[in-house]
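# Coordinates in review
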Amino acid sequence: MNPALTNAIVEALPHVDGYVYPNEQNLLWSTLIVVYPYVTGLVAGAFIMASLVRVFRVQALEPVYRLSLLTSFSFLLAAPLPLLFHLGHPERCLQIMMTPHVSSPMAMFGFVYAWYMMAVLLLELWFDYRHDFVIWAEKERGLKGVIYRLFTLGVHDLSEPALRLDERMGKIISIIGIPSAFLLHGYVGFIFGSIKANPWWGNVLMPIIFIFSAIVSGISLCVVVSLVVNWARRRAQDIRCLDMMGRFLFYALVADASLETLDWVHRLYAADESIYVLKSLASGKLFYTLLIGQACLGTLVPFLVLGFLQLFRRHVAPLMRQHLYALSAVLIMLGVLAMRWNVVIGGQLFSKSLRGFTTYKMELAGHEGWLMSLALLVLPFVILGFLMRFFLPVHRPDSIGQGAAVKVVA
Amino acid sequence: MRPFRMPPQILRLVLLTIGIVTSYLIARYFLTPPSFGQYGFFRGDALEEIASRQPVFAGRQSCDKNCHAKAVETIANGDHKTVSCESCHGNCREHVEDRQVKVITRVSCTRCHEADPARSTFIKQIESKKHYSGQRCTECHVPHQPSEVP
Amino acid sequence: MNKPTSRRHVLTSLGSALAGLLSCSVARTAKAAVQNALASTPAPNRYHATEHRWLMAIDIDRCIGCGLCAEACKTENQVPAGAYFRTWIERYIIKKPEPGSAQTRGETVVDSPNGGMNGFPPSPVPREQILKAFYVPKLCNLCEHSPCSQACPVGATFDSPDGAVLVDPHYCIGCGFCIQACPYGCRFFNPLTKTADKCSLCYHRITRGLRPACVEVCPTEARIFGDLKNPVENDPLQQFVMKNKVQTLKPHLGTEPRVLYAGMDKEVR
C-alpha cells in the first residue's frame with residue numbers, strides 16, 4: 001500500500017495533540033480503574049467514621065455506627081470487581097496471592113486487602129454483632145436462622161465477662177483498624193505514587209492525598225446513606241448526628257483541601273520539566289473535571305456551605321441544615337470521583353515524552369465501558385441493602401449492639 | 001490467682017485464623033507453577049518457551065552458503081556493504097527452505113535515498129521528482145554495486 | 001447447642017488433616033523435581049543464559065529513518081497491526097530561532113507516524129526553517145533496575161540473566177502496571193494475547209546465534225548489537241563504546257538504562 005497514504009490515514013485516526021509515544025495513543029486504564037480507588041476510598045472513609053464512635057467515643061455518631069461498618073463492608077466486597085474485569089486474564093487472578101512479588105505495591109495490596117477484610121472489618125462486625133447473632137439464632141427459623149447460627153461460630157456465651165470482652169475487643173480492633181484503613185487506601189495511593197515514570201502520579205503526597213480524600217468521601221457517603229435509610233424507613237432524621245457528621249466532614253475537607261492545594265503550590269513553585277505539560281493538562285483536557293468538578297463544586301462549594309453551617313448552625317432551621325448537609329455530601333462524593341478521574345485518566349492523557357496529549361475514547365458497553373463502571377458503583381448499594389435485611393432489621397435499633405447496656409461510659 | 005481460661009470467642013477465632021492461613025499455604029503449594037523461582041522471581045520455563053519461538057527472518061548468513069556467494073562478495077566490496085540482503089528483499093526464510101519460492105524486492109530505493117532534512121549526508125540523497133521522471137532506479141543504477149554508474 | 005467436643009479431639013483431627021494435605025503436596029513437589037531433573041532442557045543449541053550479556057546501542061547519526069527496523073520487528077514478532085510497537089523511530093525537527101529572539105533554537109517538532117514503520121512522509125517544516133533534524137530509534141532500554149519488573153505483581157515480567165527484559169505471556173495477568181511503570185513507553189497491551197508485550201531483544205533469535213530482526217535489516221548500522229561477555233573479533237559494540245561519547249534516556253529516574261545513544265540531542269526524551 002502506498003506509504004504516504006498509510007501515513008495519512010494513520011495520522012488522521014487517533015486524536016493526538018503534539019507528540020505521544022506510539023504506544024501511548026490508546027489509554028490502558030479505563031473508568032474501571034477510576035471506580036476502584038473510589039470504592040476503596042469509601043471503604044476506608046466509612047470505617048474511619050465508625051471508629052470515631054468506638055475509639056473517640058463521639059456519642060452523637062452512635063446511631064450511624066453499625067450503618068457505617070456495613071457500608072464499609074459492602075463497598076469492600078465490591079472493591080475487587082473493577083480490577084477483575086479490567087485484567088487481561090482474570091482467570092489468572094489467584095497468581096497475585098500465590099506468587100506475590102514483594103516489590104510490587106499491587107501484589108502487596110492483595111494482602112493488605114485480606115488483612116483489612118478479615119482482621120479488621122469482619123472481626124469488628126463480629127464482635128459488635130455477636131450478642132445479636134446469639135439472640136437472633138435462637139429466635140429465627142429457616143435460612144436466616146441457619147445463617148445466624150453459623151455466624152455465632154458456635155459460641156453462645158452471653159455472660160457479662162463475655163460481653164465486656166466483646167466490647168474491649170471491638171475497641172482494640174478499631175484502634176488497629178484506623179491505621180489499617182489508612183494503609184488500605186494509602187496503598188492504593190501508593191500504587192500511583194510509586195510510578196516515577198509518570199510525573200502526575202509519582203510523588204510523595206499522592207498516598208496522603210488519597211487517604212484524606214477517602215476520609216472525606218467516606219463520611220459523605222455515611223451522611224447520604226443515613227439520610228436515605230432514615231427516609232426509606234420513615235424515621236425522623238437525627239439532626240444531632242448529622243450535625244456531628246457535618247462537623248467532622250468539614251474538618252476532613254479542610255485537611256484534604258489543604259493537601260491538594262499544597263500539591264499544586266509545590267508543583268507550580270518547583271516547576272520542574274513536567275510543569276508545562278501538566279499545566280496544559282489541568283487547564284485543557286481536565287478543565288471541567290479538575291477546575292470545575294473537583295476544585296469548585298467538589299471542594300470550594302462544600303467548604304463554604306459546611307463552614308457557614310459551623311459558624312451559624314444555630315440560625316439555620318434543622319430541615320434546611322439537612323438539605324445543606326445532603327447537598328454538600330453529594331457534591332463532595334462527586335468531587336472525589338472527579339479527583340479519581342483526574343488522577344487515573346488524567347495521568348494517561350499526556351505523554352511521558354511531555355510533548356503531547358491523547359484522547360480517552362470511552363467505551364459505552366463492553367467490560368471496560370462506562371455502563372459497567374456505573375453498574376459497579378451501584379452494586380455496593382445493592383449489597384448494602386441486602387446486608388441490612390439481615391443485620392439492620394427495621395425493628396432493631398441502630399445503636400451499638402445490645403452490649404450498649406453494659407458498656408462502661410467513661 | 002485464677003487459672004487462665006481462653007474465652008470461647010477468642011479460641012474459635014484463633015482456630016478459624018489457623019484454618020484460613022493453613023488453607024492459603026496449602027493452596028499456594030499446589031498452585032505455584034513448578035519451575036517458579038528457578039532463576040529468579042519468574043517461571044523458569046518461560047525462558048525456554050520464549051527462546052523456542054520460530055525466527056522469521058532468515059538472517060544474512062543464510063544467503064552466503066554456496067548459493068549467492070558472488071552477489072554477497074560484490075555487495076561486501078561496495079557502498080551497500082552494511083545493507084543486509086533482507087533489508088531490500090524482505091523476509092527470505094521461505095526461499096531458504098524451498099529454493100523454488102521466489103523472493104521479491106519490496107523496498108523502493110527512495111525509502112533510504114529520498115532527500116530528507118533529517119537524514120545525515122553520509123548517505124547519498126536525491127529528490128525523486130527532480131532526479132528522474134518515471135524511470136525505474138535500476139535503469140541507471142545497480143543496487144548491488146551502487147558506486148557503478150553506467 | 002452442639003455436643004461439647006474435647007479440645008484434644010479437635011486438635012488431633014485438625015492435625016491429621018493437615019498432615020495428610022501436606023504429604024500430598026510434598027509428594028507432588030518431589031515428583032516435579034524428579035521430572036525436572038530427568039527431562040532434557042529444550043533450549044535451542046543448549047544455550048545457557050548466564051554465559052551471555054546482550055546489549056544494543058544506537059548511533060543516532062547513522063539512522064536515516066527508513067523504518068525498515070520497525071517493519072521487520074512487526075513481522076518477526078507477530079505484533080498486531082495498529083498502535084502497538086516493540087520498536088519505533090522518532091523524527092526530531094528543531095527549528096531555527098525566531099529572528100531577534102536571542103534564542104539558540106526555535107520550537108522542536110517531534111513525530112512518529114505509525115511508528116515510522118512505513119518510512120516518514122516529507123518534513124512538515126520547510127527545509128529553510130530547520131536548524132537540526134535527526135531520527136532516533138527507540139526500544140526497550142534494558143534497564144539494570146527496571147521499574148517494570150519491579151512493578152509486576154506476579155513475576156510475569158523479569159530481567160533475564162543475559163540482559164533482556166522479558167514477558168512471560170503464559171503467566172501475565174494483564175493488569176498493565178508494568179506498562180504504566182515504563183518511563184520510555186516501550187510497553188504495550190497486546191490485544192490478541194491480552195498480556196503486556198514489549199521488545200524481547202528477539203530472544204528467540206539471539207539464543208540461536210542470529211541477530212535481532214531490527215539489527216538484521218538496518219541498512220546503515222545505526223543499531224549495534226553484541227554480547228558483552230563474548231565479544232567477537234572487531235566487535236561492533238566494543239568499537240562503538242570506545243569511539244563514542246554516549247547518553248542514556250531519562251537517567252534522573254534511576255532506572256540505569258543500559259542502551260547507549262551516541263549523538264543524542266538534549267531534546268530527545
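Residues numbered from 1 in each chain as written. Chains lettered and ligands numbered in written order. Predicted model: local features only at pLDDT ≥ 70, side-chain atom pairs only at ≥ 80, totals over all residues.

### Considering the overall build of chain B
Looking only at helices and strands, chain B features eight helices and zero strands. For chain B, the succession of helices and strands along the chain, N to C, is α-α-α-α-α-α-α-α. In terms of C-alpha radius of gyration, chain B reaches 33 Å, well past the compact-globule figure of 15 Å for 150 residues. Taken along its principal axes, the extent of the C-alpha atoms in chain B is 115 × 40 × 25 Å. Burial status across chain B gives 19% buried among its 150 residues. (Helix = DSSP H or I, 4+ residues; strand = E, 2+ residues; numbered from the N terminus. Rg over C-alpha atoms; globule rule 2.2 N^0.38 Å. Buried ≥ 20, exposed ≤ 12 C-beta atoms within 10 Å, placed from the backbone.)

### Examining the environment of Ala156 of chain C
Residues and elements named next belong to chain C. By secondary structure assignment, the location of Ala156 is in the loop between helix H3 (147–151) and strand S5 (157–159). Exposure remark for Ala156: the 29 C-beta atoms within 10 Å place this residue in the buried category. The spacing of Ala156 and Ile173 is 17 residues in sequence and 8.0 Å in space, taken between C-alpha atoms. Every residue in contact with Ala156, bar those within four places of it in the chain, is listed here: Val167, Asp168, Tyr171, Cys172 and Ile173. (Contact = placed C-beta atoms within 7 Å.)

### Side note on the confidence of the model for chain A
Chain-level statistics for chain A give a pLDDT mean of 89 and a share of 92% at 70 or above. Every residue in residues 398–410 of chain A is under pLDDT 50, and counting partners more than four places away or in other chains gives 25 contacts. (pLDDT = per-residue confidence, 0-100.)

### Quick word on the domain arrangement of chain B
Many authors give the size of an interface as the accessible area that is lost as the parts come together. Taken domain by domain, chain B comprises domain 1 (8–51), domain 2 (56–107) and domain 3 (108–144). One C-alpha centre belongs to domain 1 of chain B, the other to domain 3 of chain B, and the line joining them spans 62 Å. (Domains from an automatic or database assignment.)

### Regarding the interface of chain B and chain A
Opposite the nine residues of chain B that make contact, chain A presents 11 residues. By residue class, the composition of the side of chain B that touches chain A is five nonpolar, two polar and two charged. (Nonpolar A, V, L, I, M, F, W, Y, C, P; charged D, E, K, R; others polar.)

### Some thoughts on the sheet that holds strand S11 (residues 260–262) of chain C
Residue and element names in this part refer to chain C. In spatial order, the strands read S9-S1-S11-S10; together these four strands make up an open sheet with mixed pairing. Both outer strands of the open sheet, strand S9 (223–227) and strand S10 (246–247), are each paired with one neighbouring strand and no more. Alignment of S10 against S11, held across two bridges, turns out to be antiparallel. Each residue of the ladder has a partner; that of Gln247, found in S11, is Tyr261. Strands in contact with helix H7 (residues 236–243) are strand S1 (54–59), S9 and S11; relative to S9, the strand with the most contacts, it is inclined by about 115°. (Pairing = 2+ DSSP bridges. Axes fitted to C-alpha atoms, helices over the stretch in contact; angles between N-to-C directions.)

### A few points about the packing of helix H2 (residues 31–54) of chain A against helix H13 (residues 318–344) of chain A
Residue and element names in this part refer to chain A. Taken N-terminus to C-terminus, the directions of H2 and H13 make an angle of 135°; their axes are 9 Å apart at the nearest point. Compared by their axis directions, H2 and H13 come out oblique. H2 and H13 meet at a crossing whose hand is right-handed. Facing H2, whose interface residues are Ile33, Val34, Pro37, Tyr38 and Gly41, H13 presents Val336, Leu337, Arg340, Trp341 and Val344. Across the contact of H2 with H13, the residue classes tally to eight nonpolar, one polar and one charged. (Parallel < 35°, antiparallel > 145°, perpendicular 65-115°, else oblique. Left-handed = near helix turned anticlockwise from the far one by under 90°.)

### Overview of the packing of helix H10 (residues 239–270) of chain A against helix H12 (residues 287–312) of chain A
All names here are of chain A. Where H10 contacts H12, the two axes come as close as 10 Å, and the packing angle between them is 135°. One finds that H10 runs oblique with respect to H12. The hand of the H10/H12 crossing is left-handed. Two secondary-structure elements touch here, H10 through Gly246, Arg247, Leu249, Phe250, Leu253 and Ala257 and H12 through Thr299, Pro302, Phe303, Leu306, Gly307, Leu309 and Gln310. The residue makeup of the contact of H10 with H12, split by class, is eight nonpolar, four polar and one charged.

### So, the interface of chain C and chain A
With 42 residues of chain C at the interface, the matching set in chain A holds 40 residues. Those elements that place two or more of their residues in the side of chain C that touches chain A are strand S3 (108–111), H3, helix H4 (177–181) and strand S7 (188–190) of chain C. With four residues, the single largest contributor to the side of chain C that touches chain A is H4 of chain C. Class assignment for the residues of the side of chain C that touches chain A results in 25 nonpolar, 13 polar and four charged.

### Observations concerning the pairing of strand S2 (residues 88–95) of chain C
All names here are of chain C. With six of eight residues buried, S2 is to be regarded as a mostly interior element. Bridge count for S2 against strand S4 (residues 130–138) is eight bridges, and the pairing is antiparallel. Each bridged residue has a counterpart across the sheet, and for Ile94 the counterpart in S4 is Lys132. Here S2 runs beside S3; their pairing, made up of four bridges, is antiparallel.

### With respect to the nonpolar core
Of all hydrophobic cores here, the largest spans 194 residues; its most connected members are Val43, Ile219, Cys222, Met245 and Leu249 of chain A. The dominant element in this core, judged by the number of residues it contributes, is H2 of chain A, at 17 residues. (Core = buried A, V, L, I, M, F, W, Y, C linked by C-beta atoms within 7 Å.)

### Details of the confidence of the model for chain B
Predicted confidence across chain B gives a mean pLDDT of 88, with 96% of residues reaching 70 or more. As scored by the predictor, the complex reaches a pTM of 0.89 and an ipTM of 0.89.

### Notes on the pairing of S1 of chain C
All names here are of chain C. With five of six residues buried, S1 lies mostly within the body of the structure. Relative to S9, S1 is paired through five bridges, and the arrangement is antiparallel. Note that in S9 the partner of Leu55 across the bridge is Gly226. With three bridges connecting them, S1 and S11 associate as parallel partners. Its bridge partner lying in S11, Ala57 is registered against Leu260.

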